[in-house]
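# Chains, contacts and geometry: an overview
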Amino acid sequence: MNRFILILSLFFCFLDSKAQMLEWDFGFFGFADNHEYSASGRVSPTLIGLQFIPEVGLLADSTHRIRFGANILHEFGSSQISSKITPTIYYNYIKENISFYMGVFPRAGLVDGFSKALLSDTLQYFRPNLSGILFRYEKSNIFQQVWIDWNSKQTETQREQFLVGLSGNIKAGDFSFKHEGVLWHNALTKKHDDNIHLQDNLAFTARVGLDLSPHVKLDSLAFNVGGLFSFSRDRGIGYWNTPKGLIAEGHIAYKSFYIHDILYIGEAQGIALGDSFYSESKYNRLDLGWQALNRKRFSAKLALSFHFTPGAIDNQQTLNLRYNIGAKHKLKDNWY
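Everything quoted here is computed from the prediction, not taken from an experiment. (Residues numbered from 1 in each chain as written. Predicted model: local features only at pLDDT ≥ 70, side-chain atom pairs only at ≥ 80, totals over all residues. Heavy atoms only, no water.)

### Some points on a nonpolar patch on the surface
Inclusion rule: The patches described consist of residues with a relative accessible area above 30% and no salt bridge, like charges being joined within 9 Å and nonpolar side chains (Val, Leu, Ile, Met, Phe, Trp, Tyr) within 5 Å. Using a 1.4 Å probe, accessible areas were evaluated by the Shrake-Rupley method; residue-level cover was limited to the displayed protein chains. Just to be clear on terms, a salt bridge is a Lys or Arg side-chain nitrogen sitting within 4 Å of an Asp or Glu carboxyl oxygen. Only runs of H or I of at least four residues qualify as helices and only runs of E of at least two qualify as strands under DSSP, and these elements are numbered from the N terminus.
Nonpolar side chains collect at one region of the surface, where Phe26, Phe28, Phe52, Phe257, Trp290, Leu302, Leu319, Leu321, Tyr323 and Ile325 lie side by side and expose about 870 Å² of accessible area between them. For the nonpolar patch, the secondary-structure elements that each account for two or more residues are β1 (20-36) and β17 (312-330). Here the nonpolar patch takes 4 residues from β17, the largest share from any one element. Note that Tyr323 resides in strand β17.

Structure, rendered in structure tokens:
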């Protein structure tokens, strides 16, 4: 409630600005994600649904933005019109190389590019919004971002949970240094059993990359290699579990087709919100994809993924469609 009052106060303060734009957006995100993981003994759900994402707000002085809306999820096969409604209400500051968000704001375009080892790609389906704060600094060769997502408030029966994320990329010619990290904190309920303990889970990657795209007749040819590290602790037990390993990645794209490959070799990871395949000591993921459309307002992607683990080959088929329509309308001075 305090956050809501703060955002409303900022909203009315901005009405005194000279340059005001009324903004609206209607977004659609459709997904079909079929997992065939029985070869490795994993759960194999089929996730099919759509999200309707309306937003309306005010942009003042091309710097301050306030938005209100919702993300309405419908899963196919559900008898309910809406499987889940997530409110959207946030303040956004944009100035030169700095972006700042506070409130409940969409994940898409901000943190959906994280390594799947740290954040599973299914989060975009069922956790479409972040609840917290995000700060981003971005220039031509430098990108740094930090955010916090408050997942759950402590109650008599509900744990306090939050997630902190950090990512960045520094480029120098064809080379780059990329890092990503997440900290998941799983606290206790107000009333809890003595056998339930507070949990901490930290994971990060650090990779050196080489982008050869400007030197070849392909649309993209890039590679990176580095380490994947995690630190997890159940405070009732006391000691830290610290698995580590080597992670390498390659991407080749020509026109609308691409091949993406990820290889992990090391100790079995136990990353709280990451892809479960990284719990294997050896794992290779191969994506064969078709980016049918990739425009500002509309994108469509189809991919066939193979997951190679010791003694098993699983597969996955995904289709993602995203469409946005919106407009801006200049408001007259002192219209209120």
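Here the narrative resumes.
### Points about the pattern of salt bridges
Here is the rule: The classification of residues rests on relative accessible area computed with a 1.4 Å probe and restricted to protein chains. Under 20% of the type maximum is buried, over 50% is exposed, and intermediate values are partly exposed.
By the definition in use, this model includes 14 salt bridges. A salt bridge links Glu55 to Arg67; the nearest nitrogen and oxygen atoms lie 2.7 Å apart. Taken together, the positions of Glu55 in strand β2 (residues 46-60) and Arg67 in strand β3 (residues 64-75) put the pair 12 residues apart, joining distant regions of the chain. Ionic pairing is found between Arg207 and Glu180, a salt bridge with its closest N-O pair at 3.2 Å. With Arg207 in strand β10 (residues 199-211) and Glu180 in strand β9 (residues 175-186), the pair connects residues that are 27 residues apart, well separated along the chain. Accessibility expressed as a relative area gives 3% for Arg207, which makes it buried. If you follow the salt bridges from partner to partner, you end up with Glu23, Asp25, Glu55, Arg65, Arg67, Arg297 and Lys328 in one network.

### Side note on unusual backbone geometry
Most peptide bonds take the trans configuration, and most residues that are not glycine carry a negative phi. With a phi angle near 60 degrees, Asp61 is a residue other than glycine that sits in the positive phi range. Mapped onto the fold, Asp61 is located in the loop between β2 and β3. The residue Ser62 is not glycine, and still its phi comes out positive at about 55 degrees. Following the sequence through the fold, Ser62 ends up in the loop between β2 and β3.

### Regarding the packing of aromatic side chains
Applicable threshold: Here is the rule: rings of Phe, Tyr and Trp (six-membered ring for Trp) pair when centre to centre is within 6.5 Å. Planes less than 30 degrees apart are stacked, more than 60 are edge-to-face, and the remainder are tilted. As a reminder, the over-ring test applies to NZ of lysine and CZ of arginine, requiring each to be within 6 Å of the ring centre and within 35 degrees of the ring normal.
Summed over all chains, the structure comprises 22 aromatic pairs. Measuring from centroid to centroid gives 5.1 Å for Phe277 and Tyr283, while their planes differ by 10 degrees, and the two rings are stacked. Assessed through its relative accessible area of 0%, Phe277 is described here as buried. The class of Tyr283 is buried, set by a relative accessible area of 2%. Site record: aromatic cluster; members linked through ring pairs are Tyr37, Tyr264, Phe277, Tyr278 and Tyr283. Note that Arg322 overlies the ring of Phe29, its terminal NZ or CZ placed 4.1 Å from the centroid.

### Here we look at the side chain of Asp275
What counts, and what does not: By definition in these notes, contact holds between two residues if any of their heavy atoms fall within 4.5 Å.
Within the secondary structure, Asp275 sits in the loop between β14 (257-266) and β15 (282-294). A residue is classified by how much of its surface remains accessible, and Asp275, at 13% relative accessible area, is buried. Excluding residues within four positions of it along the chain, Asp275 makes contact with Lys116, Ala117, Ser120 and Arg285.

### Considering the environment of Gly132
Inspection of the secondary structure assignment puts Gly132 in strand β6 (residues 129-138). By relative accessible area, Gly132 is classed as buried at 6%. Taking C-alpha positions, Gly132 is 9.4 Å from Phe162, a pair spaced 30 residues apart along the chain.

### Observations regarding the environment of Ile252
Tracing the sequence through the fold places Ile252 in strand β13 (residues 244-254). In sequence terms Ile252 and Phe223 are 29 residues apart; their C-alpha atoms lie 9.0 Å from each other. What Ile252 contacts, discounting residues up to four positions off in sequence, is Leu218, Ser220, Leu221, Phe257, Tyr258 and Ile259.

Keep in mind these values describe shape, not function.
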